[in-house]
Amino acid sequence: MWKFIVRRVFLALIIVVLGSFIIYGVMRAMPTSFVEAQARQRAAASATTGGPTYKEWLDQLTKAYHMDTDVVTGFVNWLGNVIQGDFGTSWKYGVPVIQKFNDVIWYSVVLNCITIFLEIIICIPLGIQAARHQYSGFDYGITVFAMLCISLPTFFLATLLKYTFVIKLKWIEDLYGIVGRYHEQLSQGDQILDMMRHMILPVLTLAMLNIGGLTRYTRTNMLEVLNADYIRTARAKGLPERKVINKHAFRNTLIPLVSYMSYLIPSLFSGSMITETLYQIPGIGYIAYDAMVAGDLPFTMFYSMFGLILTQISLMLADIMYAVVDPRVRVN
Amino acid sequence: MAKKDSNFISARESRRISKENIKITKKLDKKLNRKHVPESEYLTKMHDESNVLEFDDLHTYFFTDVGTVKAVDGVSYNVPAGKTVGIVGESGCGKSVTSLSLMQLLQRPSGQIVSGEIRLNLGDKAYDVAKMPIDAMRHIRGNVVSMIFQEPMTSLNPVFRIGFQLDEVIQLHNPGMSEEEVKQRSIDAIKMVGIPDAEGIYQRYPHELSGGMRQRIVIAMALVCNPRLIIADEPTTALDVTIQAQILELLRELKGKINASIMLITHDLGVIAEMADYVVVMYAGRIVEKGLASEVFLDPRHPYTIGLMESKPVINKTVDRLYSIPGSVPNPVNMPDYCYFRDRCEKCVERCSGKYPPEVHVSDTHIVSCWRYFDDPKRGGNE
């Protein structure tokens, strides 16, 4: 078992390093360069006063941002700094990368945690019920609902929700933002409540977008298990139907579900760009996109490397969870 | 309609059928899913107290989108206490469906018992299983009637230990038992089916055992609550020949030990000859011949039974080609109202063009459904 884990960790490390190298290369090859944009801006500003020209600014800035090296040297330098724990300062935001990341990530994490929790408690029972009553009205209803959720575009769904709950029903006061207008005047408890209220619509949007997939997945797997011979054996033993479903069938459905859900872990931290933009939540998805478009090398590199490491961890976790739920893959 | 007698069915027709099916199956399902039904509703009396089980004119239909399939169409036979009844027939003849009807394990909602009685003797009283709601049925399954399935490789739950799966049945039907007693009984059951190192096996998962071992565990699971009747649904089909012999030997040995009746379902005549006291031959959902094993094997009457016997390879007999019954089973939807075997039969008589043949008593115990014996029950099978 230990040998297996050590090998997996070693493999994961190689993947992370190679993966970040590819991202670094892509970032360097992007047509919009942060340095060029800065040089153009400063040249325009200093043109009237007869300051340095674009070319001079460019040379100066390229040196200052260490962009005068080739890709490999640049990457090695970056990696060297990272190993010493220095991720650098974000070019666009002007603060240390980790500080900026820490400022925005929690919005996304809270948002996604609530969403995934909601998804699991809604989708799994729905999927199981749909499978138990295959081809019934309930099953068809679930299927239609799931398909609707899968096919609705985010922006449309978000607009629809805003229109219904904010404009028509007036249950929620703000169209977007994470805090209300009088947030600063509220007591600490009310401040949290205020933020929670602003999370309702984004969570609803995200959950509805993902509900379809997981429900269908649970239903399909449950159906497969329900037709298995050992379920008939369980019934032939005289077990009550509730026990047959919740114990014998569900334990077997869990095996594919675990692998599906472990892929959700990286998505917890990767943010959701469109939803965050639509509701103007300063989460990581929104910020990382902005940084990437501006060519902010340190921030983008940190963000992608974080994602890479998380993906590797979640894959390892999936392997371990497999062994927990399925005795057939347990390694002695 | 141009394609009157083919399998073709128009979309409209199919929709109409499925709509009707839903109506019928919903009604039947509702009746089955009721809770707290008074016992008097399914209490009945055995016609003969020495029987454990009596099937009486059982009809089990499958309501499919292309029409109603009469999988079991008027089947009656008895299982006497302590005896083995063998049920033979080709695939799809309804032999498994009969046993699943008894356990109420039919694939619902499409599969339903439509009419008939299944009288089950509980010793001091008798139940009509066909009328029992699922809720009450639970106390019968695994306790009074238990089942050994065909596929040992898949009939055990892969995520639970053998011990847990055995304990579960015992606990379910003996709620007062302490944990140690339950465990001891499971281990005894594992020992009883001839597995050494019972304590070790108790801790194992199904995937760690071979096919033969798993089938032994399935048998142990069926026996552990001392049932009055064991249904063995092709218990040896998925096993290789040496293991087959072992499992049959085990079943025969155990039957003596626990004094249960066995309903042995198979398409292997050799297995029946070895095990059964009574034989029931089924064809297309109906019984064509039944009687003592010696009668049916030594003096088969129905052309189908004779055909079955002939299509079995015999040692020391040289033939160019093994005999096979010509033709195939008729379409189960819209069965004709004449002998189902008529179109394949080489021994048709004039009457065969008429209605489905009635039962003819060849002897007290030997019954055959064939027009050939209607006038002369003593007529030989191969005349």
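About the criteria used
Residues numbered from 1 in each chain as written. Chains lettered and ligands numbered in written order. Predicted model: local features only at pLDDT ≥ 70, side-chain atom pairs only at ≥ 80, totals over all residues. Heavy atoms only, no water. Helix = DSSP H or I, 4+ residues; strand = E, 2+ residues; numbered from the N terminus. Buried < 20%, exposed > 50% of the residue type's maximum accessible area, 1.4 Å probe, protein only. Contact = heavy atoms within 4.5 Å. Areas by Shrake-Rupley, 256 points an atom, 1.4 Å probe, with all protein chains shown as cover. Lys, Arg positive; Asp, Glu negative; His and termini not counted. Charge placed at Lys NZ, Arg CZ, Asp CG, Glu CD. Rg over C-alpha atoms; globule rule 2.2 N^0.38 Å. Buried area = accessible area lost by both parts, 1.4 Å probe. Salt bridge = Lys/Arg side-chain N within 4 Å of Asp/Glu carboxyl O. Polar contact = N/O pair within 3.5 Å; in protein donor to acceptor, adjacent residues only side chain to side chain. pLDDT = per-residue confidence, 0-100. Patch = residues over 30% accessible without salt bridge, like charges linked within 9 Å, V, L, I, M, F, W, Y side chains within 5 Å. Core = buried A, V, L, I, M, F, W, Y, C linked by side-chain atoms within 4.5 Å. Pairing = 2+ DSSP bridges. Axes fitted to C-alpha atoms, helices over the stretch in contact; angles between N-to-C directions.

1. Here's the deal with the overall build of chain A
Within chain A, the secondary structure is distributed over 14 helices and zero strands. N-terminal to C-terminal, the α/β element order of chain A is α-α-α-α-α-α-α-α-α-α-α-α-α-α. For chain A, the spread of C-alpha atoms along the three principal axes comes to 90 × 60 × 35 Å. Taken across its 332 residues, chain A has 43% of its residues classed as buried. Intrachain contacts of chain A at a sequence separation of at least 6 include 71% that bridge at least 24 residues. Of the accessible surface of chain A, which amounts to about 17,700 Å², a share of 66% is contributed by carbon and sulfur atoms. Where the 27 positive side-chain charges of chain A centre and where its 22 negative ones centre are 12 Å apart.

2. Considerations on the overall build of chain B
Helix and strand counts for chain B come out as eleven helices and 13 strands. Its C-alpha atoms give chain B a radius of gyration of 22 Å, near enough to 21 Å, the size a compact globule of 383 residues would have. With the C-alpha coordinates of chain B rotated into their principal frame, the extents come out at 70 × 55 × 40 Å. Split into buried and exposed, the 383 residues of chain B put 52% on the buried side. Accessible area of chain B: about 18,200 Å², with a carbon and sulfur share of 50%. Taken as two groups, the 48 positive and 50 negative side-chain charges of chain B have centres that lie 6 Å from each other.

3. Considerations on the environment of A:Val71
Residue and element names in this part refer to chain A. Positionally, Val-71 belongs in helix H4 (residues 71–83). Linking Val-71 and Gly-25, residues 46 residues apart in sequence, is a C-alpha distance of 6.3 Å. Those residues in contact with Val-71, other than ones at most four positions away along the chain, are Phe-21, Tyr-24, Gly-25 and Arg-28.

4. Let's talk about the interface of chain B and chain A
Taken together, the 25 residues of chain B in the interface contact 20 residues of chain A. Summing both sides of the interface, chain B and chain A together bury roughly 2,200 Å²; the carbon and sulfur share of this comes to 61%. Applying the counting criterion to the chain B and chain A interface returns one salt bridge. The partner of B:Glu168 in a salt bridge is A:Lys237, and the shortest N-O contact between them spans 2.8 Å. Along the contact surface separating chain B from chain A lie eleven residue pairs in polar contact (both at pLDDT 80 or more). Among the elements that take part in the side of chain B that touches chain A, helix H4 (residues 162–173) of chain B stands out by supplying six residues, more than any other.

5. Concerning the confidence of the model for chain B
With 97% of its residues at a pLDDT of at least 70, chain B reaches an overall mean of 86. Quick note on the complex model: pTM equals 0.80, ipTM equals 0.86.

6. Details of a positive patch on the surface
Residues and elements named next belong to chain B. On the surface, a cluster of positive charge is made up of Arg-12, Arg-15, Lys-19 and Lys-23. In this structure, Arg-15 sits in helix H1 (residues 11–32). Judged by relative accessible area, Arg-15 falls into the exposed class, the value being 55%.

7. A closer look at the environment of A:Leu118
Residue and element names in this part refer to chain A. Position of Leu-118 among the secondary structure elements: in helix H5 (residues 97–132). In this structure the C-alpha to C-alpha distance between Leu-118 and Gly-283, which are 165 residues apart in sequence, comes to 19 Å. Ignoring sequence-local partners within four residues, the contact set of Leu-118 consists of Val-203 and Ala-207.

8. Quick word on the nonpolar core
A:Trp78, A:Met222, A:Leu226, A:Ile231, A:Ile284 and A:Phe299 are the most contacted members of the largest nonpolar core, which has 51 residues in total. Considering every element that reaches this core, the biggest residue donor is H5(A), with ten residues. Membership of the second largest hydrophobic core comes to 45 residues, among which are B:Ala71, B:Met103, B:Leu120 and B:Val144.

9. Brief notes about the sheet that holds strand E4 (residues 84–88) of chain B
Residues and elements named next belong to chain B. In spatial order, the strands read E7-E8-E9-E4-E10-E11-E13-E12; together these eight strands make up an open sheet with mixed pairing. If you trace the sheet from one side to the other, it starts and ends with strand E7 (145–148) and strand E12 (360–361), each paired once. Here E12 pairs with strand E13 (residues 367–368) via two bridges, running antiparallel. In the strand pairing of E13, Val-360 is matched with Val-368.

10. Some words on the sheet that holds strand E3 (residues 67–80) of chain B
Each strand in a sheet pairs with its neighbour through backbone hydrogen bonds, running either in the same direction (parallel) or in the opposite one (antiparallel). All names here are of chain B. Reading across the sheet, the five strands line up as E1-E6-E5-E2-E3 and stay open at both edges, with antiparallel pairing between neighbours. The open sheet has two free edges, formed respectively by strand E1 (43–44) and E3, since each of these has just one partner strand. As judged from the three bridges shared by strand E5 (residues 111–121) and strand E6 (residues 126–128), these two strands associate in the antiparallel manner. In the strand pairing of E6, Leu-120 is matched with Tyr-127. Its contacts with the sheet put H1 on strand E2 (51–64), E3 and E5, and the angle it makes with E2 is roughly 145°. Where helix H2 (residues 95–103) meets the sheet, its contacts fall on E2, E3 and E5, and the angle it forms with E2 comes to roughly 105°.

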